[in-house]
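Structural characterization, general
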Amino acid sequence: MKPRTRSRVTGILGRVYLGAILLFLYAPILVMAAMSFNASEFYQLPFTFSTEWYERVWRNDLILNAAARSVWIAVVVTVVATVLGTAASVALWRYDFRGKRALQVLLFPPIAIPWLITGTAMLIFFFGVGIGRGTPAVIIGHVALALPYVIVVVTARLATFDRTLEEAARSLGARPWMVTRAVMLPWIAPGVIAGALFAFAVSFDQFVISYFLSEPGDSTLPVLIYTAIRKGFTPEINAISTIIIAVSMVVMLIAARFTKFGGER
Amino acid sequence: MAGGIARTDRLRAIALLSPAYLWLTVAVFLPLSAMAFFSIITDVPFGDTEWHVTGENYTAFLESPTYARLLLKSVLLGVKVTALCVLIGFPCAWVLAKMIKGRAREALFLMVILPFWSNSLVRIFSWAIVLRGNGVLDKTLSAIWPWPVKLNLLFTESAIVIGLVHSYLPYVILTAYLALQAIDDSLIEAARSLGAKWWTILWRIVLPLSAPGLIAGAVLVFVPVVGSFMEPRILGGRLGTYYGTVIEDQFVAVFNWPLGAALSFILLAVVLAILALASPVLRKART
């Protein structure tokens, strides 16, 4: 074969392969979404369109309460993690001091240690100090998981900030807080927004930590789904799962508008 | 005067950093220490319970072969899933990084990464729907395959592996993609014009240069898979007893927290050993 035809063949093969991977990644999600509109309770084919399961979700107070709890926990986590994380990123970027490397390394345990270990450790500790199980415990845990993501994303954005801008503002007589607010924050805003969306996604999708920390009957949506799956499939779970996937994908698509995901260099 | 400025700077740095790091201390580092303590006592020290320091929880691990066997089973599951993720993900990252250009690449890359940021529990659940007997996969294969098939993968080890690969494949694609993108195309071009065959280029240039990224991806897959419990529960059914599910049971069903803490701590030791082994490579991958 001539080199050109060969490269065309590999080009086609490569695209077919990529298509197969995307099929593998999306097919089960699409099947689930389709089944949530199927009238049969036991996923029987042929397919008959029905919105019954969505109507049932709408009437199911248990699911609605869990959904509301998941959303407001995620909102609280987003606010706290974004504020604390941005403050820490600014300090890590602006100041040079001994132990800075160590502080950066300390961000990895919450990401790298399996959640099963972190979650059970939190359960033990929170019981020991009297926080116990429940929504406050879940929030404390989620913020700790979201913080490293916020710091990493905001720090990456700060790296593109021109320090001379800050010096210029300062030499024109701006107070440090003024410099931060009027010069730096507008520049890093896309990074902060992306970090906030990551924090929301981490909390909203978090299952393992919530599972160990939430009180029975007072659980978040993923915990409720897990319990329902283990008791036996119910088609309402299909419907609410489809909604969850849609919500988190939309959140991440918006986040992608603000960050490059390392995709472009 | 200079010292004074440095002092206010230091105060500012502390003021900005301490909330975040105090939070991490209370929510992650103190709990991990508390677990170390819990793993060496006989009973939970809440209320009036009698408790004393003991090594029983660790000897329990050594005396009963069950725990060690399950840990091995979980480690093997991790090896299997990691190997599959690397074998499937690396070519995919190559196609994305070297064969597709411009806006299409950005969009496709986003599509590959997107599922990773959606709910993992729900994605595992969606495989339960696909893989069940008489389910979608079974029906589709029967329709296109000329011979009758009876395919019920749900509640088998294959189902667990498929679900986990689906969960963690984007990790490997992401890290391999970043590593491959950093390789200069002219290097490959030069090797090709000097007459190198594709496997020589792969073996002598591409793999050595992208190894740090690949290993980082592999570690990021292996560690959570060894500690997985939700995936085996949902896709493995009665077969799905792994090290992670045993730990889960100690905390939510059997309520033997000290034993659970000891088992968790042994898992943590395994994880830390792996991270330490990989850390020189991981450090290289970040720079």
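Residues numbered from 1 in each chain as written. Chains lettered and ligands numbered in written order. Predicted model: local features only at pLDDT ≥ 70, side-chain atom pairs only at ≥ 80, totals over all residues. Heavy atoms only, no water.

This part is about the overall build of chain B. Along its length, chain B carries twelve helices and zero strands. When the helices and strands of chain B are listed from N to C terminus, the series reads α-α-α-α-α-α-α-α-α-α-α-α. Taken against the 2.2 N^0.38 rule, which gives 19 Å for 287 residues, the C-alpha radius of gyration of chain B at 24 Å runs more than 25% over that of a compact globule. Along the longest, intermediate and shortest principal axes, the C-alpha atoms of chain B span 80 × 75 × 30 Å. For chain B, the proportion of its 287 residues judged to be buried stands at 47%. Within chain B, counting contacts between residues at least 6 apart in sequence, those at least 24 apart form 66% of the total. Total accessible area on chain B is roughly 13,700 Å²; 69% of this is exposed by carbon and sulfur atoms. (Helix = DSSP H or I, 4+ residues; strand = E, 2+ residues; numbered from the N terminus. Rg over C-alpha atoms; globule rule 2.2 N^0.38 Å. Buried < 20%, exposed > 50% of the residue type's maximum accessible area, 1.4 Å probe, protein only. Contact = heavy atoms within 4.5 Å. Areas by Shrake-Rupley, 256 points an atom, 1.4 Å probe, with all protein chains shown as cover.)

Along chain A, the regular secondary structure elements total twelve helices and zero strands. In terms of overall dimensions, chain A is more spread out than a globule: its C-alpha atoms have a radius of gyration of 23 Å, far above the 18 Å expected for 265 residues. Considered along the principal axes of its C-alpha atoms, chain A spans approximately 75 × 75 × 30 Å. When contacts within chain A are restricted to residue pairs at least 6 apart in sequence, those whose partners lie at least 24 apart make up 72%. Carbon and sulfur atoms provide 67% of the accessible area of chain A, an area that totals close to 12,500 Å². If the 23 positive side-chain charges of chain A are averaged to one point and the 13 negative ones to another, these points end up 14 Å apart. (Lys, Arg positive; Asp, Glu negative; His and termini not counted. Charge placed at Lys NZ, Arg CZ, Asp CG, Glu CD.)

This model, assessed by the stated rule, comprises 22 aromatic pairs over all chains. With 6.3 Å between their ring centres and 75° between their planes, F212 of chain A and F251 of chain B make a pair best called edge-to-face. Taken together, the residues F212 of chain A in helix α10 (residues 208-213) and F251 of chain B in helix α11 (residues 243-252) connect one chain to another. Assessed through its relative accessible area of 0%, F212 of chain A is described here as buried. Here the aromatic cluster, defined as three or more aromatic residues joined through ring pairs, consists of F127, F207, Y211, F212 and Y226 of chain A together with F229, F251 and W257 of chain B. (Phe/Tyr/Trp six-rings, centres within 6.5 Å; stacked < 30°, edge-to-face > 60°.)

With that out of the way, let us pick up the pattern of salt bridges. Residue and element names in this part refer to chain A. Applying the stated rule across the entire model yields ten salt bridges over all chains. Notably, a salt bridge pairs R69 with D218, separated by 3.0 Å at the nearest N-O pair. Residue R69 is located in helix α3 (residues 61-94), and its partner D218 is located in the loop between α10 and α11 (221-231); the two are separated by 149 residues in the primary sequence. D96 is the salt-bridge partner of K100, the closest N and O atoms lying 3.5 Å from each other. The buried category is assigned to K100, whose relative accessible area is 16%. (Salt bridge = Lys/Arg side-chain N within 4 Å of Asp/Glu carboxyl O.)

The next point concerns the interface of chain B and chain A. Each partner contributes to the interface: chain B provides 84 residues, whereas chain A provides 89 residues. For the pair chain B and chain A, the summed buried area comes to about 7,800 Å², and 81% of that belongs to carbon and sulfur atoms. On the chain B side of the contact with chain A, W23, W117 and F125 of chain B bury the most area, a combined 10% of that side's loss. One can count one salt bridge joining chain B with chain A. (Buried area = accessible area lost by both parts, 1.4 Å probe.)

On the secondary structure map, R123 of chain B appears in helix α5 (residues 120-131). Of the buried charged residues, R123 of chain B lacks a salt bridge, with E231 of chain B as the closest side chain of opposite charge at 8.0 Å. Those residues in contact with R123 of chain B that sit more than four places away from it in its chain are I29 and I245 of chain A together with P115, F116, S118, H166 and S167 of chain B.

This part covers the side chain of R233 of chain B. Residue and element names in this part refer to chain B. The topology assignment puts R233 in helix α10 (residues 230-236). According to the relative accessible area criterion, R233 is buried, its value standing at 16%. Engagement of the side chain of R233 in a polar contact is seen with the side chain of E248, the distance being 2.9 Å. Looking at R233, its side chain comes within polar contact range of the side chain of D249, at 2.8 Å. (Polar contact = N/O pair within 3.5 Å; in protein donor to acceptor, adjacent residues only side chain to side chain.)

Residue and element names in this part refer to chain B. Although it is not a glycine, F155 sits at a positive phi angle of roughly 65°. Relative to the assigned elements, F155 resides in the loop between α6 (136-144) and α7 (157-181). Non-glycine residue F255 carries a positive phi angle of around 55°. Note that F255 resides in the loop between α11 and α12 (257-286). For F255, a relative accessible area of 53% translates into the label exposed.

Here chain A is described as being made up of domain 1 (1-25) and domain 2 (61-258). Each of domain 1 of chain A and domain 2 of chain A was reduced to a C-alpha centroid, and the two centroids are 38 Å apart. (Domains from an automatic or database assignment.)

All names here are of chain A. In this model, helix α6 (residues 115-129) (15 residues) spans 21 Å end to end at C-alpha, consistent with the 21 Å of a helix rising 1.5 Å per residue. A large share of α6 lies buried, amounting to eleven of its 15 residues. Residues of α6 that are buried include every one of L116, I117, T118, G119, T120, A121, M122, L123, I124, F125 and F126, and no others. The positive-phi residue at the C-terminal boundary of α6 is G130, with phi of around 95°. (Expected span 1.5 Å × (residues − 1).)

Here the second largest pocket defines a volume of roughly 1,200 Å³. Around the second largest pocket sit 28 residues that line it, and T10 of chain A together with W94, M99, R192 and W198 of chain B are the ones nearest its centre. Contributions of two or more residues to the lining of the second largest pocket are made by α1 (3-35) of chain A together with α3 (65-99), α8 (185-193) and α9 (198-226) of chain B. Looking at which element gives the most residues to the lining of the second largest pocket, the answer is α1 of chain A, with ten residues. In terms of residue class, the lining of the second largest pocket is built from 14 nonpolar, five polar and nine charged. (1 Å grid on protein atoms, 1.4 Å probe; cavity = no way out; pocket = protein on both sides within 12 Å on 5 of 7 lines; lining within 4 Å. Points joined across faces, edges and corners; volume = space filled by probe spheres on them. Nonpolar A, V, L, I, M, F, W, Y, C, P; charged D, E, K, R; others polar.)

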